[in-house]
Every structure is written in structure tokens, then in C-alpha cells.
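The primary structure of each chain is shown beneath.
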Amino acid sequence: MAAPGPSPTPAAADPAARPVTALRGVGPQLARRLERIGVRTVADLLLHRPLRYEDRTRLVPLGALRAGARALAEGEVELAEVRPRPRRQLLVRVSDRTGALTLRFFHFSEAQRRLFRRGARVRLWGEVRPGPAGLEMVHPEVRVLRGAEPPEAALTPVYPATEGLHQAVLRRLAGEALALLGRGAFPELLPERLLQGLGLPPLHEALRLVHRPPAGADAEALAAGTHPAVRRLALEELLAHALSLRRLRRTVRAAGAPALADGALAGRLLETLPFAPTGAQRRVIAEVAADLARPRPMLRLVQGDVGSGKTVVAAAALCRAVGSGWQGALMAPTELLAEQHARSLAGWLEPLGVRVVLLTGGRRRGRAAALRAVASGEADVVVGTHALFQEEVAFARLGLVVIDEQHRFGVHQRLALREKGAGGRLRPHQLVMTATPIPRTLAQVAYADLDSSVLDELPPGRQPVTTVAVPESRREEVVERVRAVCRAGRQAYWVCTLVEPSEALAAEAAEETAARLREALPDVAVGLVHGRMRPAEKAGVMRAFARGELGMLVATTVIEVGVDVPNATVMVIENAERLGLAQLHQLRGRVGRGREAASCVLLYRPPLSETARARLQVLRETTDGFEIARRDLELRGPGELLGTRQTGLLDLRVADLARDRDLVAVVARLADRLLAEAPEAAAALVARWVGERARYAEV
Ligand code: ADP
Ligand code: MG
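Predicted, not measured: the structure shown is a model, and the values here were computed from it.

The next subject is the site of ligand 1. Surrounding ligand 1, one finds 16 residues, the nearest of these being Gly 307, Lys 310, Thr 311, Arg 462 and Asp 564. In the environment of ligand 1, an oxygen atom lies 2.6 Å from a nitrogen or oxygen atom belonging to the backbone of Gly 307. Between ligand 1 and the protein, one listed contact pairs an oxygen atom with a side-chain N or O atom of Thr 311 at 2.5 Å. For ligand 1, whose free accessible area comes to 570 Å², the fraction covered by protein is 87%. Its residues assigned to classes, the shell around ligand 1 comprises five nonpolar, six polar and five charged.

With that settled, the discussion passes to the packing of aromatic side chains. Each aromatic ring pair is described using two quantities: the centre-to-centre distance and the angle formed by the ring planes. Enumeration over the complete set of coordinates arrives at three aromatic pairs. Aromatic side chains Phe 105 and Phe 116 sit 5.6 Å apart centroid to centroid with 40° between the ring planes, which places their arrangement in the tilted category. Of this pair, Phe 105 sits in strand β4 (residues 100–105) while Phe 116 sits in the loop between α3 (110–115) and β5 (121–131), placing them 11 residues apart in sequence. Owing to a relative accessible area of 6%, Phe 105 belongs among the buried residues under this scheme. Ring centres of Phe 275 and Trp 348 lie 6.3 Å apart, and the angle between their planes is 85°; on these two criteria the pair is classed as edge-to-face. Placement of the pair is Phe 275 in the loop between α9 (264–272) and α10 (279–292) and Trp 348 in helix α12 (residues 335–349), with a sequence separation of 73 residues.

A few words now on the sheet that holds strand β17 (residues 491–495). As summarised here, the arrangement of the six strands in space is β16-β21-β20-β17-β19-β18, forming an open sheet in which the pairing is parallel. Of all strands in the sheet, those with a lone pairing partner are β16 (465–471) and β18 (526–529), marking the two edges. Adjacent strand axes in the sheet meet at a mean angle of 20° when their direction is disregarded. Here β16 pairs with strand β21 (residues 598–604) via seven bridges, running parallel. Paired with Val 470 across the bridge in β21 is Leu 603. Docked against the sheet, helix α16 (residues 475–487) engages β16, β17, β19 (552–555), β20 (568–573) and β21, running at close to 150° with respect to β17. Across the sheet, helix α18 (residues 535–546) is in contact with β17, β18, β19 and β20; its angle to β18 comes to roughly 140°.

Checked against the element boundaries, Ala 315 lands in helix α11 (residues 310–323). Owing to a relative accessible area of 0%, Ala 315 belongs among the buried residues under this scheme. When near neighbours in sequence (up to four residues on either side) are disregarded, Ala 315 contacts Leu 269, Leu 345 and Trp 348.

Before going further, it helps to spend a moment on the sheet that holds strand β9 (residues 299–304). The strand order across the open sheet formed by seven strands is β11-β12-β10-β13-β14-β9-β15, and the pairing between neighbours is parallel. Each edge of the open sheet is held by one strand with a lone partner, namely β11 (356–359) and β15 (451–455). When strand polarity is set aside, the average angle formed by the axes of neighbouring strands in this sheet is 20°. Relative to strand β14 (residues 429–434), β9 runs parallel, the two sharing five bridges. By the bridge assignment for β14, Val 302 is matched with Met 433. Strands in contact with helix α13 (residues 367–376) are β10 (327–331), β11 and β12 (381–384); relative to β11, the strand with the most contacts, it is inclined by about 130°.

On to the pattern of salt bridges. Following the criterion strictly, the structure yields 39 salt bridges and no others. Residue Glu 477 is joined to Arg 474 by a salt bridge in which the shortest nitrogen-to-oxygen separation is 3.3 Å. Assessed through its relative accessible area of 46%, Glu 477 is described here as partly exposed. Through salt bridges that share partners, Arg 283, Glu 287, Asp 291, Arg 294, Arg 300 and Asp 456 make up one connected network.

Definitions and limits used
- Just so you know, the residues in each chain are numbered from 1, in the order the chain's sequence is written.
- Throughout, the order in which chains and ligands are written sets their labels, letters from A for the former and numbers from 1 for the latter.
- Totals for whole chains, interfaces and linings use every residue, but because this is a predicted model, local features are given only for residues with pLDDT of at least 70 and side-chain atom pairs only at 80 or more, for both listing and counting.
- Remark: hydrogens and water are excluded; side-chain values derive from all non-hydrogen atoms of the structure.
- The rule for a residue being near a molecule or strand is that one of its heavy atoms must lie within 4 Å of it.
- Any N or O atom pair separated by 3.5 Å or less is treated as a polar contact, with the protein-specific requirement of one donor-capable and one acceptor-capable atom, and with residues adjacent in sequence counted only for side-chain atom pairs.
- Values of accessible area rely on a 1.4 Å probe in the Shrake-Rupley scheme; residue burial ignores everything except the protein chains shown.
- As a working rule, the residues Ala, Val, Leu, Ile, Met, Phe, Trp, Tyr, Cys and Pro are called nonpolar, Asp, Glu, Lys and Arg charged, and the rest polar, with Gly in that last group.
- Pairing of aromatic rings covers Phe, Tyr and Trp, the last through its six-membered ring, and needs centres within 6.5 Å; plane angles under 30 degrees mean stacked, over 60 mean edge-to-face, and all others mean tilted.
- Going along the chain from the N terminus, every DSSP run of H or I of four or more residues is numbered as a helix, and every run of E of two or more is numbered as a strand.
- The classification of residues rests on relative accessible area computed with a 1.4 Å probe and restricted to protein chains. Under 20% of the type maximum is buried, over 50% is exposed, and intermediate values are partly exposed.
- When DSSP finds two or more bridges between a pair of strands, those strands are recorded as paired.
- Lines fitted to C-alpha atoms define the axes here, with helix axes fitted over just the stretch in contact, and angles between the N-to-C directions of these axes take values from 0 to 180 degrees.
- Whether two residues are in contact is decided by their heavy atoms, any of which lying within 4.5 Å being enough.
- One speaks of a salt bridge when a side-chain nitrogen belonging to Lys or Arg is within 4 Å of a carboxyl oxygen belonging to Asp or Glu.

Right, dumping it as C-alpha cells:
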């Protein structure tokens, strides 16, 4: 690339920003199909990466064809005949000087049949297989040749497609999009000196390589994303996200926040808790307090493994807000958890004169009164789900927002809550808590806008959870074990899971399991919770379980995060092979919260896939959430680890945080340099990759 142009093209003027309908031959119907694979603009087309490539650059003489490979071949038609039996089919015999090949078609039109005139020269692409009369191709792609035509010059891309969207169309459109590169689309934004030493090609070269790799290019590396051309795109994307989060952080920091300087109430809380805070809790509470005392919005992430006592940290922060004359809000991912938090907080805070109010979407009764209390400022601490940031919820003077189990919320949702404002130009402080430990490389990109604290100590006296994997065939033994545990006055969870994440089917399965267990264990009180129950019903069952009135709780994965019943010592997870590591770790974290030894039984249905076996093995080996997250990243990739698929937390199209780990490390440094040396290029880069979503950064 030459020196950076006078100024980067604003996104709107970039031909790549045009809708696909700006391209020749793209009407509303085709546009709708493209939309289904996430392609709306020319830029989307350019970034729609082929799944794999076919080598049609080399013509293989018929005599050199080998069974098992896909090949490009050419020959002269000797014979074409329709055979009625055993199944109607068209058989064509083609030959060249070196050998012969049979083509077999089970579906064909009359027009197709007529193509194969004796003596016609045909170009073929297909998989070579052994047949009854030598090698053959079944349903090859066929083209009748008019004269001598050279084979393709480039490898042929195979794109992710959808019904009614043919490869030929995608290839043509990619070609048109590439042609726009020469006319100002996707200008190079990264100064050459920034890329020095990375061994990555300029942007346009990278895009051409991805869509039209020349004969001999490393197709496997291109498909796997390890080729420098793909890495060049990945780098740019990671850089754009890092810049966007940095900008977000800067904007947020530039706003004012109420200085929550009065720590007296929080101090009283720590004295009156039924236990002494751990050293880690004290340290993190102090880190949070220091942030809160400043007149700039705090943006802090608290990572703490399941059971490390994050709720206490939240309670202390909320007390500081209330003690300083402001309201605090705590947002949980499910109603079940919101109710549980409201209960623990009320238990700890109301004796100190703090009024805790629960506000969820599902509760009709009392909702109006709760809304009034929030708006008037009578409510000091408001606990709820995402329903907290519905429009009708107005806070009198919101000073602090605590978000529990952050991975369930996207950046956008977090920001929407921030907009609830502290009143005037002040913004509330933000404390984000997660039990999904995030490897450092990942945190650098996904949470670049947050400072972070780590709760790296469990409350004393915890017994490690023993984990065993047991095949479905030994279910009876597991039931017996649960019986013994309940007899001894302890409690058990039994979690049902399904392949399809349908809450309806999961509920059904849970009901069935509960019925069977009730039959098998007549002396145990078995409760049931699933996502199809009314919130009040669910809460009722949970309360009964928490009070020890139920010996066993059969549940769907609704109980996954945060549920806290220290007397429960056994966790049985059915079909454990279907769940990811992070989820299994979360579920297991529901036990081992008291002083009794606890165990987790992973019931599985053989045969286990290799990955499933590896996952169960990891769980048996360690209970350390950080170690588990690291292994999970290796096994599954970061998307699922962060739950980004649901939340759009980090919507990466080319980059892969696991595969591109080394680039992630480079990106932080590049982001600083680009901001300092070419701020307009930085802005254009964010517009290109993050686009619309970056709007939130300008609030
Ligand atoms: P998590 O970090 O998973 O949200 P919780 O806040 O739910 O953990 O705490 C888990 C359990 O440990 C709760 O029953 C809580 O009351 C208890 N707990 C928290 N801190 C301590 C402590 N310092 N000593 C003893 N028990 C504690
Ligand atoms: Mg929790």
C-alpha cells in the first residue's frame, strides 16, 4: 500500500457500503436469499468467506483419474443411453487418448440427455468413484465445450449458501464485489508501517486471495483461516473491535458519575454478615469502593468462580451507593435468580434499614407499586431481570448498576441500562459479575472496556466436589445413591437436558423424569422446576427446596446459574455429554457450597464422541473454573464460551479468538498506535467492521 490517502473514505461513500441490490442482477428475491446468510451489503459479500476451495485449475487425463478425489476432466462422448433398470438412469461413456470414464445420472432432463451427442467434447467436474465398468462420476457438473477452453485460472470457492442460492450466483457476485475494489471500495486504512513485521498482505490482495486464490495457493490454510490473507482480515476485524471498545470506554469515562464516597453503611454490612468475608472478597470490595468514590463512572468486571461469593461484593457496592444517598440496581439473567438475589439482599440489607424491591417482567401483582417505589426513590435497591431497562422503569437517582452473570447480556443491553442515567448528565457506575472465567486473551478483546478484579479464593471449609461419569445403564445405582443422600437429610438436584434447546420439550422430559423418580423414591419429596412454569410457581418450588422441604429438585437447565442451596450435596446431570464445559461447570457449582462433601454425577448415553469424552474428562480432573475455561476454549472455541451467539456480545465474522490468539495479543498495541497516528483511519475502521453497533459508543 502507498502512504495513507488524504483522508479515509467515509463509510457511506464507500461503494462497499451499498446494498447488494446495487449489483447487477440482484433483485428483491435474490436479496432476500442473501439476507438469510447475513449478506446485506457489498461489504458483507466481500467478507463472506468460502468454506473450502475446489481445484479446477488442472485437467486430469482420464487415464490418470483416481477413485476418491474430485477432479476436473475432459473427454469426447462415445455413447449415451438411458437404461430403465434397475433404476431409470442415463449412462454416458466418455474417452480421451489415455482412457475412459462413465457418467451416471439418476435425475436428468430431456435437454440434458441431448447434450451428450456422440462426438461432443465435455468438461467434467465431480467425484471419481469405482463403478461396475471402471471409474465413474455420478452427477458431475458438465459443460459442453465449443472450442479449446483453458481450465480455471483460480481455485473455485465454495461458499456457505442456503436453499435457492447457488454457488454460481455467489461466485459471480463475489466477482462483482471484487471489481469494486478497484473503484474505491474498502480502501486500505492501515498504514503500511503498522503492519510491518507481521507478514500479512495488504487488504485488497487479501480479499482477492480469499475469493480467487491462484492455482497452487494453499487452499487448506485458506479454508482453515490460518492463511496470511485470512489473518489480514482477522487482524483488521479484531483491531476494529478493540478500537470500538476503547472508544466506548473513553466516552463513558468522559461522563460524570456521582461520587459514592460514604462507606459507613457498607462497613456495617460486613460486620453484620453471618460470616467473615474472605481476603479476596475484602480486596475486591475495596477495589470497587475506590472506583465508586470517584466522580467518573466505574466500569469493572468481577470474575469469580462459582461459589466464590460474588453476591457479597455486590451487596457491599449497593450499600455504598445507598449510604451515599443513591439507588442501586442489580440485574440477573433469570427471574429465578432475581428472586434469589432479592431474598439474600433483603436478608442482609433490610436489618440495616435499606429497602429492597424486586421488579421482574413476569410479576403483575405488586408491579405498579414497585414501579412507584423505584420512581419516587423510596426503593433503595432494585433487583430484577432485563425487565429493569424497559422504558416504563424510571429511577429517581440511579447511582450504581450491578449486572450478575454478565455473559448472558450483550454490550448493548449493558449500555441501555446505563442510559437510565443517574439524573442530569451523570451516569451510573457499572459493576459486572461473571462466573465464567475468561482467559486473558479473550478478555482483552471481549471486555476491553472494563477494568477487572478477580475473586480467587473460595470461602473456607468448602469440600471439593467429587465428579464421576456414569453410563445411562447404571441409572438405578445413581437413584439409590440419591436416596441415601436424602435419607441423611441432604438434598439433591437432578438436571434434565435435551439436544434441541426447546423449553417445551425440556419441560416435558423433566416432568417425565420427576414422575419416574417419585415412583422410585416414594420416601423423598421431589419438586420440579422448568421454564414453562409461571414465575410464582417456580419461585414457590425453589423456596421449598431452599427451606429443605423438598429432598430433590428435578429441573431443566433453568437452574444453571447462581442458585444457592448449601444443603444440596448431589448434582445429577442427565445426558451430560450434550452440554458444554462451561455449562457443566456452572451446574456442578450448585453443589459443594456448604461444609459437606458433595458429588456430581454425569450421566451419559454411550457411545461418547471424542469431544464429549474429553469434556467429561476435564470435569473429572479439575474444579478450577479458569482451567476449565482454558480447556473449553481449546475444545469449542470462544463463541460458545462467551455465549456470544445469543447476545451478540462480540460478533466476529472472520476472526476466531482461539485460532487468532497471537493476533489478539498484537491488537492492543496496534490500537494504541492507530489512535495516536491516524485517528480518522481508526474511526473508519470501526465504521467498516462494527458499523451500526458502534452507535452506542456515541451516547
Ligand atoms: P457466587 O460467586 O457463585 O455468586 P454466592 O455469592 O452465591 O456465590 O455465594 C455462595 C455461598 O457462599 C452463599 O451461600 C454465600 O452466602 C456463601 N458465602 C459467601 N461468602 C462467604 C464467606 N466469606 N464465608 C462463608 N460463606 C460465604
Ligand atoms: Mg452468583
